[in-house]
Amino acid sequence: MVADTFELAGVQYRSRLIVGTGKYADFEQTRLAVEASGAEIVTVAVRRVNITDAGKPNLLDHLDLKKLTILPNTAGCYTAEDAVRTCRLAREAGVGKLVKLEVIGDEKTLFPDVPATLEAARQLVADGFDVLPYVTDDPVACRKLEDMGCKAVMPLAAPIGSGLGIRNPYNIRIIVEQSSVPVIVDAGVGTASDAALALELGCDAVLMNTAIAGAKDPLLMAMAMKLGVEAGRAAYRAGRIAKRLHASASSPITDLIG
Amino acid sequence: MRVQINGEESDVDAGATIADLVARLGLGGRRVAVELNRDVVSADAWSTTSLRSGDVLEIVHFVGGG
């Protein structure tokens, strides 16, 4: 059987689960959760060094950089300019040219500022970055991002950290249908069935952080998400039955006892 | 002379380079990136980039995030 991998910016990945590294109790728990999730790509944020206490251990000291692709994000950026600056700093810190672009437009919902996201994506693509944009579940915005050269589109399932699951599976299906680049559901997943649904809808991968880090048992939830993603992907490939209103007996309807 | 590092006013020696500053802060060999007056300075230019009074620096690293 041909390995069921997905290609992102020219690299083949076996795991379709991308995980964040925020909100964990400590670096050791982060490391164990990443390991349990089976993820090969992990997101990180870019922040100021505390210059009065600069020698402290760093997250990256605890991650296996030989096995993992590090995906810096622009979380917390509210303008295209800040997002572009953050990406340039991330690239200079030496983890490659892959970036998760997010330009936030609203503090309460953390919904993306789509025009600013498009503008930042344009600049970053021109500057040689492999851009993975977090975006509203809007097929038109996703198409524009793909057309300008983004390496994937990452529509949200629901607000970041909300755990509400996929609020608009029909839009996600339309985005999957129209896209030639990978579609990665990013943000809003709450539990394993949400992750499975993303893959059942035909998405290439799913990205999450809070759903794992915020669970009572993050390591067990990391494993659950791994299985959910695998189950959803297998179901998608298997081809589900059509939904029907009435029953269709599973047992023979002939040769019943008299 | 006075420069601003990560939003805080700080004293550095006249003629100090970015490499000097990074070493003084204990960040030598760490995975950090430096922006000087809103432009990224690549690590191989740190030792030839002298700071001037009033410069604004950002020194960043990676932390947990989603």
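The notes below deal with the structure included here. (Residues numbered from 1 in each chain as written. Chains lettered and ligands numbered in written order. Predicted model: local features only at pLDDT ≥ 70, side-chain atom pairs only at ≥ 80, totals over all residues. Heavy atoms only, no water.)

1. Structural notes on the overall build of chain B
Stage number 1. Along the backbone of chain B there are one helix and five strands.
Stage number 2. Helices and strands appear in chain B in the N-to-C order β-β-α-β-β-β.
Stage number 3. Scaling as 2.2 N^0.38, a compact globule of 66 residues should have a C-alpha radius of gyration of about 11 Å, and chain B matches this with 12 Å.
Stage number 4. Seen along its three principal axes, the alpha-carbon backbone of chain B occupies a region of about 40 × 25 × 20 Å.
Stage number 5. Across the 66 residues that make up chain B, the buried fraction comes to 44%.
Stage number 6. Taking the intrachain contacts of chain B between residues at least 6 apart in sequence as the baseline, contacts between residues at least 24 apart amount to 57%.
Stage number 7. Of the roughly 3,200 Å² that chain B leaves accessible, carbon and sulfur atoms contribute 45%. (Helix = DSSP H or I, 4+ residues; strand = E, 2+ residues; numbered from the N terminus. Rg over C-alpha atoms; globule rule 2.2 N^0.38 Å. Buried < 20%, exposed > 50% of the residue type's maximum accessible area, 1.4 Å probe, protein only. Contact = heavy atoms within 4.5 Å. Areas by Shrake-Rupley, 256 points an atom, 1.4 Å probe, with all protein chains shown as cover.)

2. Quick word on the environment of Arg237 of chain A
Stage number 1. By the secondary structure assignment, Arg237 of chain A is in helix α8 (residues 218-238).
Stage number 2. The sequence separation of Arg237 of chain A and Asp255 of chain A amounts to 18 residues, and the corresponding C-alpha distance is 35 Å.

3. Section: the interface of chain A and chain B
One frequently used descriptor of interface size is the decrease in accessible area upon assembly of the parts.
Stage number 1. Each partner contributes residues to the interface: chain A has 35 residues there, and chain B has 25 residues.
Stage number 2. When the two sides are added together, the surface that chain A and chain B hide from each other amounts to roughly 2,600 Å², 56% of it contributed by carbon and sulfur.
Stage number 3. Of all residues in chain A, Arg48, Ile51 and Leu89 of chain A bury the most surface against chain B, accounting for 26% of the area lost on that side.
Stage number 4. Here Arg85 of chain A ties to Glu35 of chain B by a salt bridge, and the two come within 2.4 Å at their closest N and O atoms.
Stage number 5. Inspection of the region where chain A meets chain B yields 18 residue pairs in polar contact (both at pLDDT 80 or more). (Buried area = accessible area lost by both parts, 1.4 Å probe. Salt bridge = Lys/Arg side-chain N within 4 Å of Asp/Glu carboxyl O. Polar contact = N/O pair within 3.5 Å; in protein donor to acceptor, adjacent residues only side chain to side chain.)

4. Quick notes on the environment of Glu119 of chain A
Stage number 1. With respect to the helices and strands, the residue Glu119 of chain A is situated in helix α3 (residues 114-126).
Stage number 2. Along the sequence, Glu119 of chain A and Lys56 of chain A sit 63 residues apart, while their C-alpha atoms lie 36 Å from each other.

5. Digging into the pattern of salt bridges
Residue and element names in this part refer to chain A.
Stage number 1. Throughout the structure, instances matching the rule amount to 19 salt bridges over all chains.
Stage number 2. Among the ionic pairs, Arg233 bridges to Asp4, the shortest N-O distance being 2.8 Å. Taken together, the positions of Arg233 in helix α8 and Asp4 in the segment before β1 (6-8) put the pair 229 residues apart, joining distant regions of the chain.
Stage number 3. Each of Asp4, Arg16, Arg233 and Arg237 takes part in one network of salt bridges that share partners.

6. A look at the side chain of Glu35 of chain B
Stage number 1. Mapped onto the fold, Glu35 of chain B is located in strand β3 (residues 33-36).
Stage number 2. A distance of 2.4 Å separates a polar atom in the side chain of Glu35 of chain B from a polar atom in the side chain of Arg85 of chain A.
Stage number 3. Beyond its immediate stretch of four places on either side in the chain, Glu35 of chain B contacts Arg85 and Leu89 of chain A together with Val40, Val56, Leu57 and Glu58 of chain B.

7. What about helix α2 (residues 80-92) of chain A?
Stage number 1. Taking 1.5 Å of rise per residue, 13 residues should cover 18 Å, and α2 of chain A covers 18 Å from first to last C-alpha, within 8% of that figure.
Stage number 2. Turning to α2 of chain A, its buried residues number three or more, namely Ala80, Ala83, Val84, Arg85, Thr86, Cys87, Leu89 and Ala90 of chain A. (Expected span 1.5 Å × (residues − 1).)

8. Focus on the environment of Val22 of chain B
All names here are of chain B.
Stage number 1. Relative to the helices and strands, Val22 is located in helix α1 (residues 18-24).
Stage number 2. Residue Val22 is classed as buried on the basis of its relative accessible area, which comes to 3%.
Stage number 3. With 38 residues separating them in the primary sequence, Val22 and Val60 have C-alpha atoms 11 Å apart.
Stage number 4. Excluding residues within four positions of it along the chain, Val22 makes contact with Leu27, Gly28, Val34 and Trp46.

9. So, a nonpolar patch on the surface
Stage number 1. Side chains of Leu220, Met223 and Leu227 of chain A sit close together on the surface and give an oily, nonpolar patch of about 280 Å² of accessible area.
Stage number 2. By the element assignment, Leu220 of chain A lies in helix α8. (Patch = residues over 30% accessible without salt bridge, like charges linked within 9 Å, V, L, I, M, F, W, Y side chains within 5 Å.)

10. A look at the nonpolar core
Stage number 1. Within the largest apolar cluster, 68 residues are counted, with the highest numbers of intra-cluster contacts made by Val206, Met208, Ile212 and Met225 of chain A.
Stage number 2. Every residue in contact with Met208 of chain A, bar those within four places of it in the chain, is listed here: Leu17, Ile18, Val19, Gly20, Val189, Ala195 and Met225 of chain A. (Core = buried A, V, L, I, M, F, W, Y, C linked by side-chain atoms within 4.5 Å.)

11. Digging into the packing of α2 of chain A against α3 of chain A
All names here are of chain A.
Stage number 1. Two elements in contact, α2 and α3, have axes whose closest approach is 9 Å; the angle formed by their N-to-C orientations is 35°. Of the two elements, α2 crosses α3, and the hand of that crossing is right-handed. Touching Ala80, Ala83, Val84 and Cys87 of α2 are Ala116, Glu119, Ala120, Gln123 and Leu124, all from α3. (Axes fitted to C-alpha atoms, helices over the stretch in contact; angles between N-to-C directions. Left-handed = near helix turned anticlockwise from the far one by under 90°.)

By themselves, these observations are geometric and do not establish any function.
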